[in-house]
Each structure stands twice: as structure tokens, then as C-alpha cells.
Amino acid sequence: MHTGISDRRRAQLAEQVDRTVHETPVFDIHTHLYDPAFGPLLLYGIDDLLTYHYLVAEVFRYSSLPYADFWRLPKKEQADHIWEHLFVRHSPISEACRGVLTTLQSFGLEVGPRELPRIRQWYAEQTPEAFVNLCFETANLRQVCMTNSPFDPLERPLWEKGFTRDERFVGGLRIDPVLLDWPNVVPQLQDDDDAIQSELNQETFDGIRRFLEKWTQILKAHYLMVSLPPSFQYPDKGPITQILDRAVLPHCREHHLPLALMIGVKRAVNPALQLAGDGMGRSDLQALESLCQAHPSNSFLCTVLARENQHELCVIARKFPNLHVFGCWWFTNIPELINEMTRLRLELLGLSVTPQHSDARVLDQVIYKWRHSRQIIASVLTEKYVDLEGTGWTVSQEEIQRDVQSLLGGEFERFCNQTGFP
Ligand code: RAT
Ligand code: ZN
């Protein structure tokens, strides 16, 4: 194929880009990890890797064990069951299975012999503090953003009591129940502020703002976030529009905080699968367009779950500088779609995107999620530079570094720090 540049230059670019992408520390902007001060809430280890909800969903493709019997098993036996069906009786080629192997390999563990007890033994020898460092180093992570919910009875007490923060774990305020479960959430909100009533009036909106204010400060939240169903509409006559307009968006404006919208999840499509039971659907992104248009001084982060919505999302971002596209979320976090979505985004939005986040729930997962994604980001970026150099343009190592830093968190930070939009 004629590209206008020599094979030698192409190989050199590939090597430079690959090295830079792997050597540049990443800011992982959406995870479900916790500051180590949360103790057992920060999951790690082989049994948590194997019982990741992505793998729970997959095991029932093969196993006919009744759901309830699976859930009754202790975690270690659930892990054994998943190992047996997904790794021993079948080749582990799905992305979530392969991820376990990439992770183990990165620790120098031999996966070929399929010896789960030896792997467990290695993990038993790790101490939590050293293991956090090991994962950050191996994944080349700079910081991770947590998903913090004041509605979670496990994490809330520690936030209220206070603790010394590990600066690598930054806060993100999750507000799903406020938007999606009105008015059932009211009694919980009243624990913080009894001015909040079911009726959506000025007093209630002020109370919600005080609640958001309190938790933004406690968490030192970098942004607010919500996962929304494919049926999400904006504006409409329901509570979501009112709470967004009168409480959440004014709060975000006042504090210069983005609101992250993750759109397209259908919760509990199969409730027997518990956390693994959520599905997805195509969304009407008119809602997003209307939000960006109606609130030009608010900033929005957005990722969408349906492949069919990806192109439209990029086009909306071209129209609205207050929208930042991020990550290959959940069911789109597979090599085929990461490749497609990263190309689509770079071709439509240049470097003004954050192509990936990990969504890790188990610390060790940051290793495979980033190793796999970095490989794809590097190959897409190389191809783009090859195309550029085919025109006679040249790309320096400094420029490659600058661009990669943008993609791995720099552009996200710039967007978050931006205090005004055109
Ligand atoms: O990717 C996941 O683990 C999902 O369960 C969700 O947590 C999703 O990412 C979300 O944040 O709603
Ligand atoms: Zn998530």
C-alpha cells in the first residue's frame, strides 16, 4: 500500500508512539475503586477478579447451576466455579477472561499450567499497601477517580468520620438516586437535610443543593455523575428535568464541576444475575444535545453504551465545546469497539477526547484494562500520524508526547479546569 512514507519511518513512528503511550502515566477518570483507607471495600485478588460481574454473566452461558445456588456459595467457591467453566472447560477468549490472564501474567505468574491454588498462594503473600503500589506501577497509573455514593451505607460512615486521603484516589460524586428514584430517595436525603420534601418546590431544591454542596466538599469531588437509561429524555415534565435545572446544574455551575452522563443502561434486565443483570439499549441523544444547548455554561462529560449512538455522540461534541466525550464504557470495552470508537473519535474530534477509562471494580483490573486499551490507542494514533506524514507534515517526539498526555488524562483535566465556554 502506498502511504507516501517509507517503511522505515512507519516502523519508527510505531515504535515511538507505542513506547510513549505505554510510558505515559494515565489518569483513570472512572473506576469503582476505593481509597485504601476503605479497607475491604477496595477489592483485589484472584477471587475478586474471577467473580467480577462481567464473568458472572458469562459463566451462566455454560453452567446450568441455578442462580440462587451460585449466590449461596462463598466467594472462593464462586471463583472455582467460574474458573472451571470459563477457563478449564472452554478456552478463555472473551475479553473479560483474557483480562484475568493478562493481569496474572503481568505479575510473573504462569497461567499455562492452570493452577489456581498456586495463584491463590501468590496473592496470599501480598500486603495491601505494597499491592496498591504494584498495581499503580504495573498499570502506569497516575490517579484514579472513584465512584462515591453518599447513599452507600458502607462508604458513607467513613467519609463522615474523615480519614487521611491517598492522593492517588480522587473523589467523584454519584447521584443516581436523586435523579432516578424521586421521591423514594427523600427519606435518605432527610438524614442530611430535613427541609427536603417530596414536593419539588424551592425549599426542596435548596435542600438538594445543600446536600450536593456538603458531599462535594467531603469527597473533594472532581465531578458529579449519573448512569441513565436509554429512555432518558430532556427536557420533559418529570422530576429529572426539574432536579437537573433547579438543583444539580446550578450547583455544578457554582463550583465549576462537570456532570458526567453515562447513558444507555437498562438496570436489572435479568435481576437473578444481580450486579451482572443490567442490559443496554439505544438512547435518544436529542436529550444530550438539548442539555448542552440549554446550559452553555455547564460542562458535561458523556459516554454512551450503545454502539449505534457513538457516531451521534461525536457529532454532538463537535457542536458543543461544553461536552467532553470519554471512555469505552462497559459492553463497549472490548477490542473491536475500542478500536472502532477510538478511530471515530480521533477522526471527528481530534485529540479533544478521553478515549478510555477502566471502570475497574477490582484493583488488579487496571492492569489489563490499560494494557489492552493502550495497545489499541497506540495503533490508532500511529496510523493517524502515518497519514499525516504522508502529506509531508512531520511529527516530533515532543509532539507525540504532548498528544498522548492529552489523551491519557491531560485533556480531561484541561476540560475540567475550563471556567468558561464560548
Ligand atoms: O461497568 C460496570 O462495572 C457497571 O456495572 C457500572 O458500574 C457502570 O460502569 C456504571 O458506573 O454505572
Ligand atoms: Zn462504572
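Scroll up a little and you will see the structure.
Here's a quick rundown of the structure. Predicted, not measured: the structure shown is a model, and the values here were computed from it. (Residues numbered from 1 in each chain as written. Chains lettered and ligands numbered in written order. Predicted model: local features only at pLDDT ≥ 70, side-chain atom pairs only at ≥ 80, totals over all residues. Heavy atoms only, no water.)

### Some words on the pattern of salt bridges
- Applying the stated criterion across every chain, the model contains 25 salt bridges.
- Ionic pairing is found between arginine 168 and aspartate 166, a salt bridge with its closest N-O pair at 2.8 Å.
- The class for arginine 168 is partly exposed, based on a relative accessible area of 24%.
- We classify aspartate 166 as buried; its relative accessible area is 17%.
- The network of salt bridges with common partners includes Arg156, Glu160, Asp192 and Lys214. (Salt bridge = Lys/Arg side-chain N within 4 Å of Asp/Glu carboxyl O. Buried < 20%, exposed > 50% of the residue type's maximum accessible area, 1.4 Å probe, protein only.)

### Some points on the pairing of strand E2 (residues 141-145)
- With four of five residues buried, E2 is to be regarded as a mostly interior element.
- As paired elements, strand E1 (residues 26-28) and E2 share three bridges and run parallel to each other. Looking across to E2, one finds that aspartate 28 is bridged to valine 144.
- Pairing between E2 and strand E3 (residues 169-174): two bridges, direction parallel. (Helix = DSSP H or I, 4+ residues; strand = E, 2+ residues; numbered from the N terminus. Pairing = 2+ DSSP bridges.)

### Concerning the sheet that holds E3
- One open sheet holds the seven strands; their spatial order is E1-E2-E3-E4-E5-E8-E9, and the pairing between them is parallel. Edge positions in the open sheet fall to E1 and strand E9 (323-325), since each of these has one partner strand only. Across the sheet, the axes of successive neighbouring strands diverge by a mean angle of 25°, strand direction being ignored.
- Across the sheet, helix H15 (residues 310-319) is in contact with strand E8 (300-304) and E9; its angle to E9 comes to roughly 145°. (Axes fitted to C-alpha atoms, helices over the stretch in contact; angles between N-to-C directions. Contact = heavy atoms within 4.5 Å.)

### Regarding H15
- Considered for burial, the residues of H15 that qualify are Gln310, Leu313, Cys314, Ile316 and Ala317. Buried residues of H15, seen end-on, are gathered within an arc of 160° and therefore sit on one face of the element.
- In this structure, the buried residues of H15 make contact with helix H14 (286-294), E8, E9 and helix H16 (335-349). (Arc of directions from axis to C-beta.)

### A short note on the site of ligand 1
- Residues in close proximity to ligand 1 include His30, His32, His53, Tyr54, Arg174, Ser227, Met262, Arg267, Trp329, Trp330, Asp359 and Arg361, which together make up its full environment.
- Histidine 30 is positioned with one of its side-chain polar atoms (N or O) 3.2 Å from an oxygen atom of ligand 1.
- For ligand 1, an oxygen atom lies 2.8 Å from a polar atom in the side chain of tryptophan 329.
- Computed on the free molecule, ligand 1 has an accessible area of 310 Å², of which 98% lies beneath the protein chains in the complex.
- Split into classes, the residues belonging to the shell around ligand 1 amount to four nonpolar, four polar and four charged. (Near = heavy atom within 4 Å. Polar contact = N/O pair within 3.5 Å; in protein donor to acceptor, adjacent residues only side chain to side chain. Areas by Shrake-Rupley, 256 points an atom, 1.4 Å probe, with all protein chains shown as cover. Nonpolar A, V, L, I, M, F, W, Y, C, P; charged D, E, K, R; others polar.)

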